[in-house]
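# Structural characterization, general
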Amino acid sequence: MHVPGVDRPIDDEEWRAFVRAQGFGHLICMGRDREVPVVVATQYVFEDPVVLMHVAVPNPILGALGERPAAVLEVAGDWAFIPSSWKAIGDEDPRLGIPTTYYAAVQLSGRVEVIEDPDELAALLRRQLARLQGDVDVADPATEHRARLASIRGVVLHVESVVAKFKYGGNVDEAHRLAVVERLRARGGPG
């Protein structure tokens, strides 16, 4: 992903907070000798420096990870299409504005560990449940759902590199950014 200087995160906490808040992304693995990567939409829990996920045993991502245990988790959100006319202010011709999309995207890459051991898998699920619904009393996966653990695998992405982009009009002056903000508020969504 190309990241111009104006679209870089302010600091590492900006991309970390975004990844924590999103909770859903696309896990991508090339495997070995494949023509196209395997891409799986998945929920995740980010516990810096790892990302916790689980998938069903028939999921093709497990075959690709078995061939090559490395992947990218791509997380995108906070997107909004900005029409060309919104980029014009004052006496500027709205027909000459340049449309764009504002968005945030973070790619976390690294080595992947697949968890098969029932006790380790139950521990991973406990961590996910604590984050996703920590205020809800749930049965312990190791005792109440142990037989079902054979149908899933834990996936732990050990984050080794991060590419983050926050494209929110940093390439234009404040007056143009504020005009877009006003129009986004009036539109009411998305963005």
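All values reported here derive from a predicted model rather than from experimental measurement.

### As for the packing of aromatic side chains
How two aromatic rings sit relative to each other is given by the distance of their centres and the angle of their planes. A complete count under the given rule lists three aromatic pairs for this structure. Look at F18 and F166: their rings are 5.8 Å apart centre to centre, the planes differ by 85°, and that puts the pair in the edge-to-face class. In this pair, F18 is assigned in helix α1 (residues 12–22) and F166 in strand β7 (residues 152–167), connecting sequence segments 148 residues apart. On the basis of relative accessible area, F18 is assigned to the buried category, the value being 6%. For F166, a relative accessible area of 7% corresponds to the buried category. For the pair F166 and Y168, a centre-to-centre distance of 6.4 Å together with 45° between the ring planes defines the contact as tilted. Aromatic rings pair up to connect F18, F166 and Y168 into one cluster.

### Remarks on the nonpolar core
Of all hydrophobic cores here, the largest spans 28 residues; its most connected members are V51, I61, L73 and L108. Those elements that provide at least two residues to this core are α1, β1 (24–29), β2 (38–43), β4 (50–56), α2 (60–67), β5 (70–82), β6 (100–115) and β7. With sequence-adjacent residues up to four places away left out, L73 is seen in contact with G25, H26, L27, T42, Y44, V51, M53, V106, Q107, L108 and L157. The next biggest cluster of nonpolar side chains, apart from the first, holds twelve residues, and it includes V45, V50, L52 and L121.

### Some thoughts on helix α5 (residues 174–187)
Over its 14 residues, α5 runs 20 Å from end to end, which matches the ideal 20 Å to within 8%, given 1.5 Å per residue. Of the residues flanking the start of α5, the one acting as N-cap is D173, its side-chain oxygen 3.1 Å from the backbone nitrogen of A175. Directly after α5, the chain includes G188, whose backbone phi takes a positive value near 80°.

### Digging into unusual backbone geometry
Cis peptide bonds are those with omega within 30 degrees of zero, and the linkage from D48 to P49 qualifies with 15°. Secondary-structure assignment places P49 in the loop between β3 (45–47) and β4. If you check the backbone angles, D78 has positive phi at about 50° while not being a glycine. Relative to the helices and strands, D78 is located in strand β5.

So, how was this worked out
Residues numbered from 1 in each chain as written. Predicted model: local features only at pLDDT ≥ 70, side-chain atom pairs only at ≥ 80, totals over all residues. Heavy atoms only, no water. Phe/Tyr/Trp six-rings, centres within 6.5 Å; stacked < 30°, edge-to-face > 60°. Helix = DSSP H or I, 4+ residues; strand = E, 2+ residues; numbered from the N terminus. Buried < 20%, exposed > 50% of the residue type's maximum accessible area, 1.4 Å probe, protein only. Core = buried A, V, L, I, M, F, W, Y, C linked by side-chain atoms within 4.5 Å. Contact = heavy atoms within 4.5 Å. Expected span 1.5 Å × (residues − 1). Polar contact = N/O pair within 3.5 Å; in protein donor to acceptor, adjacent residues only side chain to side chain.

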